[in-house]
Amino acid sequence: MAAFSRLYCTLGFQTELKMRKPVVLITGANGEIGHGLIKSIAAKNDLSIITLDLDPLDDELKPQVRDAVTANIIDRNSLERINAKYEISEIYHLAAVLSTRAEFSPHTAHDVNVGGTINLLRIAVEQAASQGSTVKFFFPSSIAVYGLLTVEEKDRTGAINENQFCRPQTIYGCNKLYCEHLGRYYANYYRRLFAANERGKIDFRAIRFPGLISAETIPSGGTSDFGPEMIHAGARGEPYACFVRPDTTMPFTTMPDAVAAISQLMHTDAVQLSKSVYNINSFSVTAEDFANKVTTLYKNASVTFEVNEKRQTIVDSWPAKVDDSAARKDWGWSPQFDFDLAFEDYLVPEINKRYTQ
Ligand code: AKB
C-alpha cells in the first residue's frame, strides 16, 4: 500500500509538473482594483489567475479564477505553497493597508505593506530563477509618496513629476515609496555580488495612482475616499458629511482608466520605458466640484462639510495635480474619462444599476 501511494504520488507530481501552465498571481484580489483587474485579465488572457486575499474571494469573481487562496500576505507558508504549486509569470501585488487606516496602526501597516511586498518580490526572483525567464511584477504605488509641507506650497506648485517632493508624511506613503525602491533593487541589483549570474529576472513596473473612483466598490481606509463615498451616498439618497474642506483639490481617475493603465503599462515593450514608476492623472477637482456634481445629479443627495482637521492635513500634503507626461509618452497613457464624462458615461449609469437592482 505504501509503495502504491509512493508510486501514485510520484506519477501525480510528474503529471502536475508537466501540466504546469504559467499563471498570473493577484494579491488583494477582493479590493477595488482587484475587481476590475481580474475581469480585464480573464477577458483578454489565456493565463490562469490565482488570487490571494485575507477574505474568501467574492462569489462573482470565483468563476474567473483557477484558484482563490484565502491567506494573509505576511503568512510566508501560504505564499510558499503557491510558489511551489504554480509557475508564476506575472504578479499584481494589490494588497495593502490604505493611508487613513495605516495611520491608526503604523506598525501593522508596515508589516503588511512592506513585509507583504518583500515576500512577493522574493517569490518573484525565485520563480524567475527556476524558470530561467522574466517574471513581471506590477506594484500600485500612490500619490501618497509625495509630501507638500504647507497648503501654500501645494497651491503654488503646479503638476509635480515623479522626482519631486518625494518626502511622504504618512506611513502608507513611506511604505509605498520604499517598496518602489525595493522593486527597483530586486529588478536591477539583487545579488549583484554573487559569483554566478542568476537565471531569469524581475521586470518591476509601478503606477502612482491618484484617488480612484469605482462604480462597483466603495473604498475603505483611504483618505481620498471622500470623493467615492460622496458619490455612492448621493446615489443612495443619503446625506454625506465630507471630511475635507470644499476647496481641497487632488487628482482622481476612474477605475476603468486605472485598470486600462495597468494593462497598457504591463504590455509595453521594456525598451520603451524610461522609468519603472509612473504618475497618471485624469482630472484634478475640488471636494466642492464633487458636491456640486452629486447634488445636481441626485435630487435626494445632500452634502455638508464637517472637516476632520487631521485627515485634512494628509490630503493637504498630496499634490493638487501630477505631471503624467512620461506615461503619455512612453506607453500611451490617455484616460478615457474626464470629470464630466466620468459621471455621464461611467459612474451614473453603473451606480444606478447597482442601487436599483
Ligand atoms: C488612500 O487614500 O490611501 C489611497 C491612495 C491615495 O493611495 N486611495
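This is a predicted model, so every value here is computed, not measured.

A.B. asks: In this structure, what is going on with the sheet that holds strand β11 (residues 283-286)? I would like to understand it.
C.D. replies: Hydrogen bonds between backbone groups are what pair the strands of a sheet, and the pairing can be parallel or antiparallel. The three strands are arranged β7-β9-β11 in an open sheet whose pairing can be described as mixed. Each edge of the sheet is formed by a strand with only one pairing partner; in this case those strands are β7 (211-213) and β11. Taking the axes of each pair of neighbouring strands and ignoring which way they run, one obtains an average angle of 45° across the sheet. Here three bridges tie β7 to strand β9 (residues 249-254), and the two strands are oriented parallel to one another. In the sheet register, Ile213 faces β9, and the bridge partner there is Thr254.

A.B. asks: What should I look at first to understand the site of the ligand in this one?
C.D. replies: In the region of the ligand, the neighbouring residues are Leu98, Ser99, Ser142, Tyr172, Gly222, Thr223, Ser224 and Trp318. Interatomic distance of 2.5 Å between a side-chain N/O atom of Ser99 and an oxygen atom of the ligand. One of the side-chain nitrogen or oxygen atoms of Ser142 is found 2.7 Å away from an oxygen atom of the ligand. For the ligand, whose free accessible area comes to 250 Å², the fraction covered by protein is 92%. For the shell around the ligand, the class distribution of residues is three nonpolar, five polar and no charged.

A.B. asks: How do you make sense of unusual backbone geometry when you look at a structure like this?
C.D. replies: Glycine aside, the phi torsion of most residues is negative, and most peptide linkages are trans. A positive phi angle, close to 50°, is found at Phe165, a residue other than glycine. The topology assignment puts Phe165 in the loop between α6 (151-156) and α7 (171-188). One non-glycine residue, Arg191, lies in the positive phi region at around 55°. Along the chain, Arg191 falls in the loop between α7 and β6 (201-209). Taking the relative accessible area as the measure of exposure, Arg191 reaches 33% and is therefore partly exposed.

A.B. asks: Even after reading the chapter, I still don't get the nonpolar core, so can you show me in this structure?
C.D. replies: One broad trend across soluble globular proteins is that nonpolar side chains are buried collectively. Among the nonpolar cores identified, the biggest contains 107 residues, and Ile26, Phe226 and Trp331 are the most heavily contacted of them. Beyond its immediate chain neighbours, meaning those up to four positions away, Trp331 contacts Ile207, Ala261, Gln264, Leu265, Thr268, Leu273, Tyr278, Ile280 and Ala326.

A.B. asks: Help me out: how do you make sense of the pattern of salt bridges in this one?
C.D. replies: Tallied over the full model, the rule gives 13 salt bridges. Arg205 serves as the salt-bridge partner of Asp203, at 2.8 Å between the closest nitrogen and oxygen. The residues Asp203 and Arg205 share a single accessibility class, namely buried. Salt-bridge contacts for Arg236 lead to Glu238; the nearest nitrogen and oxygen are separated by 3.1 Å. For Arg236, a relative accessible area of 35% translates into the label partly exposed. One salt-bridge network, held together by shared partners, links Lys39, Glu60 and Glu216.

A.B. asks: Mind showing me how you'd approach the packing of aromatic side chains here?
C.D. replies: Two numbers describe a pair of aromatic rings. These are the distance of the centres and the angle of the planes. A complete count under the given rule lists 17 aromatic pairs for this structure. Ring geometry for Tyr185 and Tyr186: centres 5.4 Å apart, planes at 80°, overall edge-to-face. Residue Tyr185 is classed as partly exposed on the basis of its relative accessible area, which comes to 36%. In this structure Tyr186 comes out as buried when scored by relative accessible area, which is 12%. Three or more aromatic residues joined by ring pairs make a cluster, and in this case those are Phe226, Phe243, Phe252, Phe283, Phe290, Phe339 and Phe343. The ring of Phe194 is capped by Arg191, whose NZ or CZ atom sits 4.4 Å from the centre of that ring.

A.B. asks: I would appreciate a short explanation of the confidence of the model for the protein chain in the present structure.
C.D. replies: Should pLDDT be low for a region, the predicted coordinates there are not to be read in detail. Per-residue confidence for the protein chain averages 93 on the pLDDT scale, and 94% of its residues sit at or above 70. Counted against residues more than four places away or in other chains, residues 1-5, with its pLDDT under 50, gives zero contacts.

A.B. asks: How should the sheet that holds strand β10 (residues 277-279) be read in this particular structure?
C.D. replies: Read across the open sheet, the seven strands follow the order β3-β2-β1-β4-β5-β6-β10; overall the sheet is parallel. Lying at the two open borders of the sheet, with one neighbouring strand each, are β3 (67-70) and β10. Direction aside, the axes of adjacent strands within the sheet are offset by 20° on average. Bridge analysis of strand β5 (residues 134-142) against β6 gives nine bridges, and the strand direction is parallel. Paired with Ser142 across the two strands is Phe209, which belongs to β6. Helix-sheet contacts for helix α3 (residues 76-85) involve β1 (22-27), β2 (48-53), β3 and β4 (87-93), and the interaxial angle to β2 is about 170°.

A.B. asks: Would you take a moment to explain the state of the cysteines for this structure?
C.D. replies: One covalent bond between the sulfur atoms of two cysteine residues makes up a disulfide. Counting across every chain of the model gives zero disulfides. With no disulfide partner, Cys166 has as its closest neighbouring cysteine sulfur the one in Cys174, 11 Å distant. Cys179 provides the cysteine sulfur closest to Cys174, a residue in no disulfide bond, and the two sulfurs are 11 Å apart.

A.B. asks: In this structure, what is going on with the pairing of β5? I would like to understand it.
C.D. replies: Put simply, side chains in a regular strand alternate between the two faces of the sheet. Within β5, seven of the nine residues are buried, which leaves the element mostly enclosed by the surrounding structure. Taken together, the three bridges between β4 and β5 define a ladder with parallel strand orientation. Pairing of Ile91 across the sheet is with Phe137, part of β5.

Scoring rules and cut-offs
Residues numbered from 1 in each chain as written. Predicted model: local features only at pLDDT ≥ 70, side-chain atom pairs only at ≥ 80, totals over all residues. Heavy atoms only, no water. Pairing = 2+ DSSP bridges. Helix = DSSP H or I, 4+ residues; strand = E, 2+ residues; numbered from the N terminus. Axes fitted to C-alpha atoms, helices over the stretch in contact; angles between N-to-C directions. Near = heavy atom within 4 Å. Polar contact = N/O pair within 3.5 Å; in protein donor to acceptor, adjacent residues only side chain to side chain. Areas by Shrake-Rupley, 256 points an atom, 1.4 Å probe, with all protein chains shown as cover. Nonpolar A, V, L, I, M, F, W, Y, C, P; charged D, E, K, R; others polar. Buried < 20%, exposed > 50% of the residue type's maximum accessible area, 1.4 Å probe, protein only. Core = buried A, V, L, I, M, F, W, Y, C linked by side-chain atoms within 4.5 Å. Contact = heavy atoms within 4.5 Å. Salt bridge = Lys/Arg side-chain N within 4 Å of Asp/Glu carboxyl O. Phe/Tyr/Trp six-rings, centres within 6.5 Å; stacked < 30°, edge-to-face > 60°. Lys NZ or Arg CZ within 6 Å of the ring centre and 35° of its normal. pLDDT = per-residue confidence, 0-100. Disulfide = S-S within 2.5 Å.

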